Amino acid sequence: MSPRPAADSVTAQGNYAGSVSRFLAYVIDLFASSAVFALALAGISYVVQIVTGEQVSWNRQNILVVILYVAWEFFYFGYSWAVSGRTFGMAVLGVRVVRADGATAEPRRGVVRALVFPLSFLLFGLGFLGILVQRERRALHDLIAGTAVVYAWDARAARLRFLAREGELTRIPPDG
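Residues numbered from 1 in each chain as written. Predicted model: local features only at pLDDT ≥ 70, side-chain atom pairs only at ≥ 80, totals over all residues. Heavy atoms only, no water.

1. Points about helix α2 (residues 63–83)
- Relative to the 30 Å expected for 21 residues at 1.5 Å per residue, α2 spans 30 Å between its end C-alpha atoms, a close match to the ideal helical length.
- Residues of α2 that are buried: V65, E73, Y76, F77, G78, S80, W81 and A82.
- Contacts from the buried residues of α2 go to α1 (19–52), α3 (88–93), β1 (95–99) and α4 (107–122).
- A distance of 3.0 Å separates the backbone nitrogen of L64 from a side-chain oxygen at the start of α2, and that oxygen is part of N62.
- Once α2 finishes, G85 follows within two positions and takes phi at roughly 80 degrees, a positive value. (Helix = DSSP H or I, 4+ residues; strand = E, 2+ residues; numbered from the N terminus. Expected span 1.5 Å × (residues − 1). Buried < 20%, exposed > 50% of the residue type's maximum accessible area, 1.4 Å probe, protein only. Contact = heavy atoms within 4.5 Å. Polar contact = N/O pair within 3.5 Å; in protein donor to acceptor, adjacent residues only side chain to side chain.)

Structure representation (structure tokens):
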């Protein structure tokens, strides 16, 4: 019989991520990716003004800006999911995209997930209903891509790393 873990060693790692964590990660990602996009447009405007002397202004009614923004969002999410299984917002909240069986998702699944992600919105948001009602909390884009979103932040391991660092800082150097 194995010893029972202490109450402070409980971890959520590997459990399916809830709707609030997923939504907050998405909001963080929208802010982060929109800020990077806006900075890129400002940088392009600055370079164009220096090179040509002409002032360039961007607005949401410009179809080119809309197309570039949509392409950027696909790239931001698709690249993040394909390379690391998480976006910036997901990393902040400690969640990760994995295969439905819990293994590390291949890059192909990340790209497919990004491409079908808009379907969850286009169906009047019904594509997200699975996050609320299924045990695995998988949205439509997760079902199509064969992925799931799980908690990947191990509170116990983080606490042990913190205590180890704290112990190193408080160690008294030997007299020599």
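2. Details of α1
- Compared with the 50 Å implied by 1.5 Å per residue over 34 residues, the 48 Å span of α1 between its first and last C-alpha is a close match.
- Within the span of α1, buried status applies to S21, R22, A25, D29, S33, F37, L41 and S45.
- G53 sits one or two positions beyond α1 and adopts a positive phi of about 80 degrees.

3. Overview of the nonpolar core
- Formed by A17, A25, Y76, F77, W81, M90, V95, V97, A114, F117 and V149, the largest nonpolar core amounts to 11 residues.
- Taken together, the elements giving at least two residues each to this core come down to α2, β1 and α4.
- Per element, the largest residue contribution to this core is three residues, and it comes from α2.
- Not counting residues within four places of it along the chain, the set of residues in contact with V95 comprises A17, S21, R86, M90, V149, V150, Y151 and A152. (Core = buried A, V, L, I, M, F, W, Y, C linked by side-chain atoms within 4.5 Å.)

4. Some words on the packing of aromatic side chains
- Going through the model one piece at a time under the given rule, you end up with 14 aromatic pairs.
- Arranged with centres 5.1 Å apart and planes meeting at 90 degrees, the rings of Y76 and F77 form a pair that is edge-to-face. Of the two residues examined, Y76 and F77, each falls in the buried class.
- For the ring pair F77 and F117, a centre distance of 6.0 Å and an interplane angle of 25 degrees mean the geometry is stacked. You can see F77 sitting in helix α2 and its partner F117 sitting in helix α4, a full 40 residues away along the chain. For the pair F77 and F117, a shared accessibility class is recorded, and that class is buried.
- An aromatic cluster is present here, built from Y26, W72, F75, Y76, F77, Y79, W81, F117, F121 and F128 joined pairwise through their rings.
- When the ring centre of W81 is taken as reference, the NZ or CZ atom of R113 above it lies at 4.3 Å. (Phe/Tyr/Trp six-rings, centres within 6.5 Å; stacked < 30°, edge-to-face > 60°. Lys NZ or Arg CZ within 6 Å of the ring centre and 35° of its normal.)

Without other data, these values stay purely geometric and don't point to any function.
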